[in-house]
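# Commentary on secondary and tertiary structure
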Amino acid sequence: MVEIENMIKNIDLVLDISVNLARVSDWVLSKSQHKQQRMDQFLKETEGFLLNLSTRTVPSRFQPTLRHFQKEFQQLLDEKNETNKNDWAEKALTWANILQHRAKFA
């Protein structure tokens, strides 16, 4: 029973990350400057979710996705103010979709 609870929590964390990335992507594409503080807040929250998830045991089927996303998310954080905003938003939204579909494996 504990394993099922842990699995649900992992799934919830992955879905929370996915939703945050989708929201931030939408704000970036809307070119809403007044949302910058909210975007930073959601990215920081997402960073916390990812850190939490990385300290947990995740099934081997999800581990490659998690490792790949960790690298990509760090790139997103590093590039959030430097790169083409449309490309950045597309990458964030792509990862939101990937994580949403693979959350069941977490």
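See above for the structure.
Presented here is an overview of the structure given in this document. Because the structure is a prediction, the values reported are computed rather than measured. (Residues numbered from 1 in each chain as written. Predicted model: local features only at pLDDT ≥ 70, side-chain atom pairs only at ≥ 80, totals over all residues. Heavy atoms only, no water.)

## With respect to helix 3 (residues 63–79)
- For helix 3, which comprises 17 residues, the first-to-last C-alpha distance of 24 Å matches the rise-based estimate of 24 Å (1.5 Å per residue) to within 8%.
- Along helix 3, the positions that sit buried rather than exposed are Thr 65, Leu 66, Phe 69, Glu 72, Phe 73, Leu 76 and Leu 77. Viewed end-on, helix 3 has its buried residues packed into an arc of 145°, placing them on one side of the element. (Helix = DSSP H or I, 4+ residues; strand = E, 2+ residues; numbered from the N terminus. Expected span 1.5 Å × (residues − 1). Buried < 20%, exposed > 50% of the residue type's maximum accessible area, 1.4 Å probe, protein only. Arc of directions from axis to C-beta.)

## Concerning the packing of helix 3 against helix 4 (residues 85–102)
- Look at helix 3 against helix 4: their axes get within 11 Å of each other, and the N-to-C directions meet at 155°. Between helix 3 and helix 4, the interaxial angle falls into the category roughly antiparallel. When you trace helix 3 past helix 4, the crossing you get is left-handed. Side by side, helix 3 and helix 4 meet where Thr 65, His 68, Phe 69, Glu 72, Gln 75, Leu 76 and Glu 79 of the first sit next to Trp 88, Lys 91, Ala 92, Trp 95, Ile 98, Leu 99 and Arg 102 of the second.
- Here the contact of helix 3 with helix 4 is composed, by residue class, of seven nonpolar, three polar and four charged. (Axes fitted to C-alpha atoms, helices over the stretch in contact; angles between N-to-C directions. Parallel < 35°, antiparallel > 145°, perpendicular 65-115°, else oblique. Left-handed = near helix turned anticlockwise from the far one by under 90°. Contact = heavy atoms within 4.5 Å. Nonpolar A, V, L, I, M, F, W, Y, C, P; charged D, E, K, R; others polar.)

## Comments concerning the packing of aromatic side chains
- If you walk through the whole model with that rule in mind, you get three aromatic pairs.
- Plain terms: the ring middles of Trp 27 and Phe 42 are 5.2 Å apart, the flat faces sit at 85° to each other, and that makes the pair edge-to-face. Pair noted here: Trp 27 is in helix 1 (residues 2–29) and Phe 42 is in helix 2 (residues 36–54), with a separation of 15 residues, a long-range link.
- For Trp 27, a relative accessible area of 10% gives the class buried.
- Judged by relative accessible area, which is 7%, Phe 42 ranks as buried.
- Seen from their ring centres, Phe 69 and Phe 73 are 5.6 Å apart, and the 35° between their planes marks the pair as tilted. Here Phe 69 and its partner Phe 73 are both found in helix 3, four residues apart, which amounts to about one turn of the helix. (Phe/Tyr/Trp six-rings, centres within 6.5 Å; stacked < 30°, edge-to-face > 60°.)

## A short note on the packing of helix 2 against helix 3
- Two elements in contact, helix 2 and helix 3, have axes separated by 12 Å at closest approach and are oriented at 155°. Taken together, the axis directions place helix 2 and helix 3 in an arrangement best described as roughly antiparallel. At the point where helix 2 passes helix 3, the crossing takes the left-handed sense. Between helix 2 and helix 3, the contacting residues are Leu 43, Thr 46, Glu 47, Leu 50, Leu 53 and Ser 54 on the first element and Leu 66, Phe 69, Gln 70, Phe 73 and Leu 77 on the second.
- Among the residues making up the contact of helix 2 with helix 3, the classes are represented as seven nonpolar, three polar and one charged.

None of this, on its own, says anything about what the molecule does.
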